[in-house]
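Summary of the model geometry
Take a look at the letters that make up each chain.
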Amino acid sequence: MVSKAQGKTVKTRRVFYIPGYDPIHPRRYRELYRKEGAAQAAISGYEIGLKPKAGRGNYGWQVDAEIDGQRVSAQVEVLVWSDIVRESMSSSIPATYWQLLRTAWVYIGSGALWRLMRLRRGPVIAALYPVGMLIAQALLAVALGLLSYGLLGMLSDHWAARLAFAALGMGLGIALLRWFKKKDGKFFAYYLMHDYAYSAATKGANPPQLEARMATFGDAIAAALTDDVDEVLVIGHSSGAHLGVSVLADLIRSGRVAEGGPALGFLTLGQVVPMVSFLPRAERLRGDLRYLSARDELAWVDVTAPGDGCAFALCDPVSVSGVAPEGKRWPLVFSAAFTQTLSPARWKALRWRFFRLHFQYLCAFDRPRDYDYFQITAGPQTLATRYDGRPASKSRIDPAVSKYTSVAA
């Protein structure tokens, strides 16, 4: 690991959490941290408590913990882009179906879909799910309209009546589609379609609005690196992982990670990097992956689990993207091993709750091993020290698979 961080005891820490494609207010993450942190503390025998964050700026909270007999204070901040997500999800029903066709064409036409299937089928199935569900909803709406027209048509053969029956059938079909969209909190078809369509719309390039927001993320992290703290920890969850890669690559390139400052840790959880890096115009991301993987200014740890069907579990995001340089150091890839770190009863309760499992990295484990989100964010060890000497998972996937390997100049 990074030498300046090895053996360093942390008393103060700044934590920056980058969410995935999530339209929800960041208070959700505070409540999740509060609830699950208390549960993990009770299981693992340490103390952890939350209080409001002092001052203005990013939404966050203060954590005070006593772990391994040492007191640690951490300030956690959420780097918010939920407003961008909500704006991208404001499409009408016809626009969403147009997104379906366009997104399918991008992934199939570019060949990315077939290569992604060589990595993990789970996230590819998750990507195909909204396509199948939206098509099924459309077929049900058409069937309802035709059935209504057919049944009502038995009442009269007059052309005016037939026209009225057709309009009524069409109205019922549209009403069913609107009902499906209203109930998408249960089906997740529109949500997932918007998620995959967001990157596909630009074939892997970052939209200008997102680039501008990432620049503000970088400014916040750079300011923290000048604070009198022992560690600055950046966490990228799900789609937030690839945003974090580019934000940190920009910081290091611009010389804003000074020698002798706080230790810099980067933790990626449940990453879906290949869904973007395998696309034709993802040169920016591929270049950042290549650059960051060889730097000694930070420690980068990537944690996934095969039980998470929404993540590219144990896929080295740099290597599978075909951009691993000579002297590659990062990330350290290992598994949170849900089937071993959750008791049989807990695993049984969560096994088919796919979206909940995608957030398990942020939650308590009732049979914890060496991955503990709360010790990482509020404990006395830097990320580098905690995993110094820890081997990568033997079952990690690291062959170069992406068809597109060009990088930004």
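Please read all numbers here as calculations on a predicted model, not as lab measurements.

Our next topic: the overall build of the protein chain. When helices and strands are counted, the protein chain shows 18 helices and eight strands. Overall, the protein chain is about 85 × 45 × 40 Å in size when its C-alpha atoms are taken along their principal axes. In the protein chain, which comprises 409 residues, the proportion classed as buried is 54%. Summarising the internal contacts of the protein chain: among those between residues at least 6 apart in sequence, 78% fall at separations of at least 24. Just so you have it, the protein chain exposes about 18,000 Å², and 58% of that area is on carbon and sulfur atoms.

On to helix α8 (residues 189–200), then. When the terminal C-alpha atoms of α8 are compared, their 16 Å separation across twelve residues agrees well with the 16 Å that a helix rising 1.5 Å per residue should span. Burial runs high along α8: eleven of the twelve residues are buried. The complete set of buried residues in α8 reads Ala-189, Tyr-190, Leu-192, Met-193, His-194, Asp-195, Tyr-196, Ala-197, Tyr-198, Ser-199 and Ala-200.

Moving on: the pairing of strand β6 (residues 263–269). Counting buried residues in β6 gives seven out of seven residues, a clear majority hidden from the surface. Where burial is concerned, the two faces of β6 agree: the one with Ala-263, Gly-265, Leu-267 and Leu-269 and the one with Leu-264, Phe-266 and Thr-268 are both buried. Pairing between strand β5 (residues 231–237) and β6: seven bridges, direction parallel. Paired with His-237 across the bridge in β6 is Leu-269. This β-α-β element, β5 to helix α10 (residues 240–253) to β6, shows right-handed connectivity.

Enumeration over the complete set of coordinates arrives at 19 salt bridges. The closest approach of N and O atoms between Arg-14 and Glu-77, which form a salt bridge, is 2.7 Å. Of this pair, Arg-14 sits in strand β1 (residues 12–18) while Glu-77 sits in strand β4 (residues 70–78), placing them 63 residues apart in sequence. Neither Arg-14 nor Glu-77 differs from the other in exposure class; each is buried. The partner of Arg-396 in a salt bridge is Asp-398, and the shortest N-O contact between them spans 3.8 Å. Looking at Arg-396, the relative accessible area reads 34%, which means it is partly exposed. A residue is classified by how much of its surface remains accessible, and Asp-398, at 35% relative accessible area, is partly exposed. Where salt bridges share partners, they join Glu-211, Asp-250, Arg-253, Arg-284 and Asp-288 into one cluster.

This part covers the state of the cysteines. Within the structure shown, the criterion is met by zero disulfides. The thiol of Cys-310 is not disulfide-bonded; the next cysteine sulfur, from Cys-363, is found 14 Å away.

Here we come to empty space enclosed by the protein. Empty space among the atoms can be located by rolling a probe the size of a water molecule over them. Under the defined criterion, the tally for this structure stands at three cavities of 30 Å³ or more. In this structure, the largest cavity spans a volume of roughly 70 Å³. Tyr-17, Tyr-29, Leu-32, Tyr-33, Trp-61, Leu-362 and Tyr-373 together form the lining of the largest cavity. For the lining of the largest cavity, the element with the most residues is helix α1 (residues 27–44), which contributes three residues. Looking at the lining of the largest cavity residue by residue, the classes come out as seven nonpolar, no polar and no charged. Within this model, the second largest cavity holds a volume of roughly 60 Å³. Along its surface, the second largest cavity is lined by Pro-19, Gly-20, Asp-22, Ile-24, Pro-26, Tyr-29, Val-78, Val-80, Trp-81 and Ser-82.

What follows is about the packing of aromatic side chains. Across all of its chains, the model carries 20 aromatic pairs by this definition. Here the aromatic rings of Phe-180 and Phe-187 are separated by 5.6 Å at their centres, their planes lie at 70°, and the arrangement is edge-to-face. Measuring from centroid to centroid gives 6.0 Å for Phe-338 and Phe-365, while their planes differ by 40°, and the two rings are tilted. Linking Phe-338 in helix α14 (residues 338–341) with Phe-365 in the loop between α16 (354–358) and α17 (373–378), this pair joins segments that are 27 residues apart in sequence. On the basis of relative accessible area, Phe-365 is assigned to the buried category, the value being 1%. The ring of Phe-359 carries the charged tip of Arg-28 above its face, separated from the ring centre by 4.6 Å. One residue, Arg-253, lies across the ring of Tyr-291, its end atom 4.6 Å from the ring centre.

What follows covers the environment of Gly-45. Tracing the backbone through its elements, the reader meets Gly-45 in the loop between α1 and β2 (47–52). Considering only alpha carbons, one finds Gly-45 and Ile-67, 22 residues apart in sequence, at a separation of 8.3 Å.

The computed volume of the largest pocket comes to approximately 780 Å³. Every element with two or more residues in the lining of the largest pocket is listed here: α1, α7 (184–187), α8, α10, α11 (274–277) and α16. If one sorts the elements of the lining of the largest pocket by residue count, α8 sits on top with six residues. Of the residues assigned to the lining of the largest pocket, the class counts are 26 nonpolar, eleven polar and six charged. Those elements that place two or more of their residues in the lining of the second largest pocket are α5 (121–153) and α16. By residue number, the principal contributor to the lining of the second largest pocket is α5, which donates four residues.

Let's shift gears to the packing of helix α9 (residues 208–224) against α10. Across the interface, α9 lies against α10 with an axial gap of 9 Å and an inter-helix angle of 60°. By the criterion of interaxial angle, the relationship of α9 to α10 is oblique. Along this stretch, α9 crosses α10, giving a crossing that reads as right-handed. Contact with α9, carried on its side by Leu-210, Met-214, Phe-217, Gly-218, Ile-221 and Ala-222, involves Leu-243, Ser-246, Val-247, Leu-248 and Leu-251 of α10 and no other residues of that element. The residue makeup of the contact of α9 with α10, split by class, is nine nonpolar, two polar and no charged.

Parameters and conventions
- Residues numbered from 1 in each chain as written.
- Predicted model: local features only at pLDDT ≥ 70, side-chain atom pairs only at ≥ 80, totals over all residues.
- Heavy atoms only, no water.
- Helix = DSSP H or I, 4+ residues; strand = E, 2+ residues; numbered from the N terminus.
- Buried < 20%, exposed > 50% of the residue type's maximum accessible area, 1.4 Å probe, protein only.
- Contact = heavy atoms within 4.5 Å.
- Areas by Shrake-Rupley, 256 points an atom, 1.4 Å probe, with all protein chains shown as cover.
- Expected span 1.5 Å × (residues − 1).
- Pairing = 2+ DSSP bridges.
- Right-handed = clockwise from strand over helix to strand, strands pointing away.
- Salt bridge = Lys/Arg side-chain N within 4 Å of Asp/Glu carboxyl O.
- Disulfide = S-S within 2.5 Å.
- 1 Å grid on protein atoms, 1.4 Å probe; cavity = no way out; pocket = protein on both sides within 12 Å on 5 of 7 lines; lining within 4 Å.
- Points joined across faces, edges and corners; volume = space filled by probe spheres on them.
- Nonpolar A, V, L, I, M, F, W, Y, C, P; charged D, E, K, R; others polar.
- Phe/Tyr/Trp six-rings, centres within 6.5 Å; stacked < 30°, edge-to-face > 60°.
- Lys NZ or Arg CZ within 6 Å of the ring centre and 35° of its normal.
- Axes fitted to C-alpha atoms, helices over the stretch in contact; angles between N-to-C directions.
- Parallel < 35°, antiparallel > 145°, perpendicular 65-115°, else oblique.
- Left-handed = near helix turned anticlockwise from the far one by under 90°.

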